[in-house]
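Now for the letters of each chain:
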Number of protein chains: 2
Amino acid sequence: MSDSLPHRYKHPHPAVTVDLVIFTLRDEELQVLLIERGLKPFQGEWALPGGFVRIEENLTGAAHRELREETGLTQAYLEQVGAFGRPDRDPRERVISVAFFAILSSDKLALQAGSDARAVSWHSCNKIPELAFDHAEIVHAARLKLTEKINRTTIALEFLPTEFTLTELQRVFEAVRGEAIDKRNFRKWSQSLSFIKATGRMRRGGQHRPAELYRANTKGLLPPPRALTETPEPFNSRRVDVAAYRKGFEDALSALHKVLVDSEKKLLKGLVDR
Amino acid sequence: MSDSLPHRYKHPHPAVTVDLVIFTLRDEELQVLLIERGLKPFQGEWALPGGFVRIEENLTGAAHRELREETGLTQAYLEQVGAFGRPDRDPRERVISVAFFAILSSDKLALQAGSDARAVSWHSCNKIPELAFDHAEIVHAARLKLTEKINRTTIALEFLPTEFTLTELQRVFEAVRGEAIDKRNFRKWSQSLSFIKATGRMRRGGQHRPAELYRANTKGLLPPPRALTETPEPFNSRRVDVAAYRKGFEDALSALHKVLVDSEKKLLKGLVDR
DNA sequence: CCAAAAGTGTTCAATCTACACCCATGG
DNA sequence: CCATGGGTGTAGATTGAACACTTTTGG
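Residues numbered from 1 in each chain as written. Chains lettered and ligands numbered in written order. Predicted model: local features only at pLDDT ≥ 70, side-chain atom pairs only at ≥ 80, totals over all residues. Heavy atoms only, no water.

Draft legend 1. The arrangement of the packing of aromatic side chains in detail. Applying the stated criterion across every chain, the model contains 13 aromatic pairs over all chains. Here the aromatic cluster, defined as three or more aromatic residues joined through ring pairs, consists of Phe23, Tyr77 and Phe101 of chain A. (Phe/Tyr/Trp six-rings, centres within 6.5 Å; stacked < 30°, edge-to-face > 60°.)

What follows is the structure, given as structure tokens:
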């Protein structure tokens, strides 16, 4: 008996899981990957993919592992949404879930059947079925975070393959924002931020004029890591300043932070972003 | 022996703690509450207040409990920063920490000595000492989040007592943003958003003209909960729209969400914020 | 009367919004 | 030749940034 329950603690410990809200663009809609639960509780209901965090594993590492198990992909944008820990959220035992959202680009959509024969399918964010546990709340929080970031970062590019047309980019914004955008204004805006650049190549197909292909502009675009400098963002700075922030700037900041943490004390006068 | 380790699990479970980044405004600076650790590891170093999440306890509940134990306060603004779970962040065992930040208004600053005789003190965010565990990273993330929200929400009011002058409000923004703000522009801006209203009363004191007192404007100011309506925010909407978002709008949204979750499906077309 | 903080407007530049037509292609 | 989506510019309104002096009080 004690062999089957070999891990012992002085105080009760909760289980910790990661749950993934995997977004993609399909049929010009924002969609989320859901699995149909094969086991109790909530058997037969839809839920987010997820699983336990291993004892030696990073939270982000666990999220990447789950993503790989679910989709076969080792590389994708991944960002923490937060921890969800209502005591009654799982009827079996106390489970605290750390939620992440991921973005799959539309060229990687082929869905391998999940590792364990469960039904897996994409659902439009506008028609999400009833979900198990508190997963409706998690999806909601993830969608809020995604929507918050779409205009402030280059996260939209994560939905697209390396080369894409401006119309495809506009479709991403429209799907995430849930509304139509004026074509001329969008093109002016996105190009003025110079986080994309034209490749000069064309995409032909369909009976219409070919579209110019763009890609992320990786050169010379990193915003100043203001969190670690002496000149915080000016009051009421223009949107263009912040909208150009690159995806992953937080990652860059925290990496920088680790490197500089000892020597930067004198620089740490002001902070960041907005 | 087995009596002292009575909680047994099939798989190893991490411990889960909450850590608090408690902000306030002191000496016109943004400051953080730190405790000096009395025990190993990191004995004698500064750290964030925090403690284990009880098995039957909400994460938010645990954060409130820690806040109460540390400051004696039962009411304060509290918001989750995220989960921090590097496997090596605590040398004793695997500990996953869910960090929150709290804001103490300047009229509640009297520091009760912590429950257990440790040194407790305020530190300027511009001169934070070396911290135990990964607490430097947590403070950094909390400050990022605070800075992000100061212009988009009414969170600044949490730093002040119920009645305050415009200059005091300006000091909050200046401390959080880490820079001086033009007085006339600030007064126009803050008043135009109408999240505060004049009380007609005056604060006298000091040898200068008395200042008019303001308070939060609670009437008629809730922003439309766009996350749950059919009309998401327009493309590139003006800052004034979002800046008026009230503190706690996320709480309101999630409460609304629970109430409406069944009947709102048809409304769930678009989402929020800028 | 003096020091100290409260209070107040205007001008200029940048950005946002709304809006309608021609272009290049495949069939 | 025609249907389809690609591509382009301008004018008016809103907002942001810079900037200096008068007012009221307590001592």
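Draft legend 2. Seen up close, the packing of helix H3 (residues 166-177) of chain A against helix H4 (residues 183-192) of chain A. Residues and elements named next belong to chain A. The geometry of H3 relative to H4 is characterised by a closest axis approach of 11 Å and an angle of 100° between their N-to-C directions. As far as their axial angle goes, H4 and H3 are roughly perpendicular. Along the contact surface, H3 presents Leu166, Thr167, Leu169, Gln170 and Phe173, while H4 presents Lys183, Phe186, Arg187, Trp189, Ser190 and Gln191. Broken down by class, the residue content of the contact of H3 with H4 amounts to five nonpolar, four polar and two charged. (Axes fitted to C-alpha atoms, helices over the stretch in contact; angles between N-to-C directions. Helix = DSSP H or I, 4+ residues; strand = E, 2+ residues; numbered from the N terminus. Parallel < 35°, antiparallel > 145°, perpendicular 65-115°, else oblique. Contact = heavy atoms within 4.5 Å. Nonpolar A, V, L, I, M, F, W, Y, C, P; charged D, E, K, R; others polar.)

Draft legend 3. How the structure looks around the pairing of strand E7 (residues 95-103) of chain B. All names here are of chain B. Of all the nine residues making up E7, nine are buried; the element is thus mostly covered by neighbouring parts of the structure. Burial along E7 is two-sided: Val95, Ser97, Ala99, Phe101 and Ile103 facing one way and Ile96, Val98, Phe100 and Ala102 facing the other are all buried. Pairing geometry for strand E6 (residues 77-84) and E7, over seven bridges, is antiparallel. Within the sheet, the bridge partner assigned to Phe84 lies in E7 and is Ser97. (Buried < 20%, exposed > 50% of the residue type's maximum accessible area, 1.4 Å probe, protein only. Pairing = 2+ DSSP bridges.)

Draft legend 4. The arrangement of the sheet that holds strand E9 (residues 164-165) of chain A in detail. All names here are of chain A. Taken together, the three strands give an open sheet; going across it, the order is E9-E11-E10, and neighbouring strands pair in antiparallel fashion. With partners counted over all chains shown, the strands left at the sheet margins are E9 and strand E10 (196-203), one partner each. Relative to strand E11 (residues 211-216), E9 runs antiparallel, the two being bridged by two bridges. If you follow Thr165 over to E11, its bridge partner there is Leu213.

Draft legend 5. Local environment of the nonpolar core. The biggest cluster of nonpolar side chains holds 44 residues, and the ones touching the most others in it are Ile22 and Phe100 of chain A together with Ile22 and Phe100 of chain B. In contact with Phe100 of chain B, other than residues within four places in its own chain, are Val18, Asp19, Leu20, Val21, Leu59, Thr60, Ala63, Leu78, Glu79, Gln80 and Val81 of chain B. (Core = buried A, V, L, I, M, F, W, Y, C linked by side-chain atoms within 4.5 Å.)

Draft legend 6. Representation of the confidence of the model for chain A. Looking at chain A, pLDDT values average 79 and 76% of them are 70 or higher. Every residue in residues 220-274 of chain A is under pLDDT 50, and counting partners more than four places away or in other chains gives 121 contacts. (pLDDT = per-residue confidence, 0-100.)

Draft legend 7. Representation of the domain arrangement of chain A. Residue and element names in this part refer to chain A. The assigned domain composition of chain A is domain 1 (15-136) and domain 2 (155-273). Facing 14 residues of domain 1, the contacting portion of domain 2 comprises 11 residues. Between domain 1 and domain 2 the total buried area reaches about 1000 Å² when both faces are included, carbon and sulfur atoms providing 71% of it. For domain 1, the biggest contributors to the area lost against domain 2 are Leu25, Tyr77 and Ile103; these three give 48% of the whole. If you look at where domain 1 meets domain 2, you find one salt bridge. Residue Glu28 is joined to Arg171 by a salt bridge in which the shortest nitrogen-to-oxygen separation is 3.3 Å. (Domains from an automatic or database assignment. Buried area = accessible area lost by both parts, 1.4 Å probe. Salt bridge = Lys/Arg side-chain N within 4 Å of Asp/Glu carboxyl O.)

Draft legend 8. Spatial organisation of helix H3 (residues 166-177) of chain B. Its 12 residues give H3 of chain B an end-to-end C-alpha distance of 16 Å, which sits within 8% of 16 Å, the value for a rise of 1.5 Å per residue. Summarising burial for H3 of chain B: nine of the 12 residues are buried, a large majority. (Expected span 1.5 Å × (residues − 1).)

Draft legend 9. Geometry of unusual backbone geometry. Residues and elements named next belong to chain A. In this structure, the amide linkage connecting Lys40 to the following residue, Pro41, adopts the cis form with an omega of -5°. Note that Pro41 resides in the loop between strand E3 (29-36) and strand E4 (46-47). Located in the positive-phi region is Glu28, a residue other than glycine, with phi close to 60°. Along the chain, Glu28 falls in the loop between strand E2 (15-26) and E3. The backbone of Phe42 shows a phi angle near 65°, a positive value even though the residue is not glycine.

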